[in-house]
Amino acid sequence: MADDRWTAADDYIDARLAPGDPVLEAALKAAAEAGLPSINVSPSQGKLLQVLARGLGARKILEIGTLGGYSTIWLGRALPPGGRLITLEVSPHHADVARANLARAGLEKVVEVRVGRAQDTLPAMVAAGEGPFDLIFIDADKAGYPAYLDWSLRLSRPGTVILADNVVRGGQIADPASEDEAVVGVQRYIEALAAEPRVSATVIQTVGRKGYDGFALAVVQG
Ligand code: SAH
Ligand code: DHB
Ligand code: MG
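First, a word on what this report is: a plain description of the structure on this page.

Each value, and the rule that gives it
- Residues numbered from 1 in each chain as written.
- Chains lettered and ligands numbered in written order.
- Predicted model: local features only at pLDDT ≥ 70, side-chain atom pairs only at ≥ 80, totals over all residues.
- Heavy atoms only, no water.
- Helix = DSSP H or I, 4+ residues; strand = E, 2+ residues; numbered from the N terminus.
- Expected span 1.5 Å × (residues − 1).
- Buried < 20%, exposed > 50% of the residue type's maximum accessible area, 1.4 Å probe, protein only.
- Contact = heavy atoms within 4.5 Å.
- Pairing = 2+ DSSP bridges.
- Right-handed = clockwise from strand over helix to strand, strands pointing away.
- Axes fitted to C-alpha atoms, helices over the stretch in contact; angles between N-to-C directions.

### Things to note about helix α8 (residues 181-195)
An ideal rise of 1.5 Å per residue puts 21 Å on 15 residues; α8 measures up with 21 Å between its terminal C-alpha atoms. For α8, the full list of buried residues reads Ala182, Val183, Val184, Gly185, Val186, Gln187, Tyr189 and Leu193. Of the surrounding secondary structure, the elements contacted by the buried residues of α8 are β4 (135-138), α7 (145-154), β5 (161-164), β6 (199-208) and β7 (211-220).

Okay, structure coming up:
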């Protein structure tokens with residue numbers, strides 16, 4: 001579902017506040033040529049990630065779901081000198097494309113792409129004592145979101161912001177009878193946020209070039 005007005009407004013906003021640059025354009029082109037699906041965040045959404053990361057003064061960022069590294073570039077560019085970003089990706093092919101895109105962005109020393117199922121790499125990070133992260137962006141398989149929240153909390157400190165993409169899904173989030181595993185995954189994610197005393201959370205619904213969707217935003221409280 002998309003609406004011409006949403007796309008036109010996105011074009012207006014992107015052109016002024018999130019203009020493409022050769023590195024970002026090349027990342028999308030390389031991803032498309034390598035056969036990756038175009039399910040990356042939009043430019044203005046990438047800018048949202050960047051504004052948030054800068055506003056938080058984030059020095060350590062965790063991303064779950066790399067694809068071709070498009071959102072990763074927006075986030076990586078928000079880091080101060082010495083900052084670090086770890087991004088988790090199940091597909092070795094996606095990770096290869098992302099590494100090439102991140103190198104073109106000059107971020108190869110800042111970003112580490114870690115290959116594996118996040119269900120496995122997150123527990124390994126907890127066991128290794130990694131974290132806490134200042135900002136965590138959850139954007140992998142939607143059925144995994146509830147588990148990713150649990151692991152993210154173990155990699156957080158009070159003040160950590162946990163952002164999750166694609167939680168409104170054209171409004172399907174409001175359908176209690178949905179049997180779509182992605183819808184059920186994000187519903188369970190929202191329910192888990194609601195039941196979790198360690199976070200305060202909300203959802204911002206979005207429209208634009210990519211249709212009608214939304215982000216869940218949570219802050220870990222002390
Ligand atoms: N954040 C990216 C888009 C990510 S798309 C951007 O906006 O540019 C979702 C990605 O999650 C895909 O690359 C997919 O391969 C990956 N993924 C799916 N299941 C996963 C899992 N269990 N663990 C880690 N990554 C997973
Ligand atoms: C899908 C995944 C995403 O992260 C997204 O932003 C859009 C679509 C998908 O799996 O279809
Ligand atoms: Mg997404």
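From this point, things continue past the structure.
### Notes on the pairing of β4
Alternating residues of β4 divide into Leu135 and Phe137 and Ile136 and Ile138, and every residue in both groups is buried. Note: strand β1 (residues 60-64) against β4, four bridges, orientation parallel. Among the inter-strand pairings, Leu62 is bridged to a residue of β4, identified as Ile136. Bridge count for β4 against β5 is four bridges, and the pairing is parallel. Note on β5: the bridge partner recorded for Phe137 is Leu163. As a crossover connection, the stretch from β4 through α7 into β5 is right-handed.

### Considerations on the sheet that holds β6
Strand order in the open sheet formed by seven strands is β3-β2-β1-β4-β5-β7-β6, and the pairing between neighbours is mixed. Lying at the two open borders of the sheet, with one neighbouring strand each, are β3 (111-115) and β6. In this sheet, neighbouring strand axes are inclined to one another by 15° on average, regardless of whether the strands run parallel or antiparallel. Looking at chain direction, β1 and strand β2 (residues 84-89) are connected through five bridges and run parallel. Its bridge partner being in β2, Leu62 is matched across the sheet by Ile86. Packing of helix α1 (residues 4-17) onto the sheet brings it into contact with β6 and β7, and relative to β6 it is tilted by some 105°. In the packing of helix α3 (residues 43-56) onto the sheet, contacts are made with β1, β4, β5, β6 and β7, and the angle to β4 comes to roughly 160°.

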